[in-house]
Amino acid sequence: MDDKGMQTASELVAAYTEYAEKFKDSPEAPDYLYKAADILLNINKSREALDLYNRIIYQYPNYKKVPECLFLVAYIYENYEQNFGKAKEVYEMFIAKYPNHDFADDAAISIQNMGKSPEELIRMFEEKNRVQQDSLAS
């Protein structure tokens, strides 16, 4: 992203968060915080995005996207912060709170594969496919 794009993104984040500050009780406030967090994550400001996702979770516990926020908190800890202990803890919390959510399987897979290099994952999937092929052949 060029400087102009970064400036625009930063201005949009500021506008969204400013609105949410001024009008905390409006139905749009958590939506705007969610949009701001999404932008921050996409411009590699994961720490700020993490703060906003947590803010949504605690300030707007009935917001429809709280499950996604919780999942994204774990995702950020895993993929941006490399804090696998905290990521595992939050993924497990997600699975416990939202066992039927679409992302529950993703959370379980993330826990299972956490910290593994791409090469280790490839070897693991190749081995799994080989075992499946062998069992189909017999």
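Scroll up for the structure.
Residues numbered from 1 in each chain as written. Predicted model: local features only at pLDDT ≥ 70, side-chain atom pairs only at ≥ 80, totals over all residues. Heavy atoms only, no water.

(A) Geometry of the overall build of the chain. Assigned secondary structure in the chain consists of 7 helices and 0 strands. Each helix and strand of the chain, placed in order from N terminus to C terminus, yields the pattern α-α-α-α-α-α-α. For 138 residues, the compact-globule formula gives about 14 Å, and the C-alpha radius of gyration of the chain, at 19 Å, lies well above that figure. Taking the principal axes of its C-alpha atoms as reference, the chain extends roughly 65 × 35 × 25 Å. Counting all 138 residues of the chain, 33% fall into the buried class. Total accessible area on the chain is roughly 8,800 Å²; 51% of this is exposed by carbon and sulfur atoms. (Helix = DSSP H or I, 4+ residues; strand = E, 2+ residues; numbered from the N terminus. Rg over C-alpha atoms; globule rule 2.2 N^0.38 Å. Buried < 20%, exposed > 50% of the residue type's maximum accessible area, 1.4 Å probe, protein only. Areas by Shrake-Rupley, 256 points an atom, 1.4 Å probe, with all protein chains shown as cover.)

(B) Expanded view of the pattern of salt bridges. Within this structure, the stated rule accounts for 8 salt bridges. Among the salt bridges present, the one from lysine 22 reaches glutamate 18, with a minimum N-O distance of 3.9 Å. Remark: glutamate 18 and lysine 22 occur in helix α1 (residues 3-22); sequence separation between them is 4 residues, near one turn of the helix. A relative accessible area of 60% means that lysine 22 is categorised as exposed. (Salt bridge = Lys/Arg side-chain N within 4 Å of Asp/Glu carboxyl O.)

(C) Just helix α6 (residues 104-113), in detail. Every buried residue of α6 is accounted for by Ala104, Ala107, Ser110 and Asn113. Elements in contact with the buried residues of α6: α4 (66-79), α5 (84-97) and α7 (118-137). Phi turns positive one or two residues past the end of α6, at glycine 115, with a value near 80 degrees. (Contact = heavy atoms within 4.5 Å.)

(D) Fine view of the side chain of threonine 17. Note on placement: threonine 17 falls in helix α1. Setting aside residues up to four positions removed in sequence, threonine 17 forms contacts with Leu33, Ala36 and Leu52.

(E) Representation of the packing of helix α3 (residues 46-59) against α4 in the model. Viewed as axis vectors pointing N to C, α3 and α4 meet at an angle of 150 degrees, and their least axial separation amounts to 9 Å. Viewed along their axes, α3 and α4 adopt a mutual orientation that is roughly antiparallel. Crossing of α3 over α4 shows left-handed handedness. Contact residues: α3 offers Ser46, Ala49, Leu50, Tyr53, Asn54, Ile56 and Ile57, while α4 offers Val66, Cys69, Leu70, Leu72, Val73, Ile76 and Tyr77. Residue composition of the contact of α3 with α4, by class: 12 nonpolar, 2 polar and no charged. (Axes fitted to C-alpha atoms, helices over the stretch in contact; angles between N-to-C directions. Parallel < 35°, antiparallel > 145°, perpendicular 65-115°, else oblique. Left-handed = near helix turned anticlockwise from the far one by under 90°. Nonpolar A, V, L, I, M, F, W, Y, C, P; charged D, E, K, R; others polar.)

These figures capture arrangement, not role.
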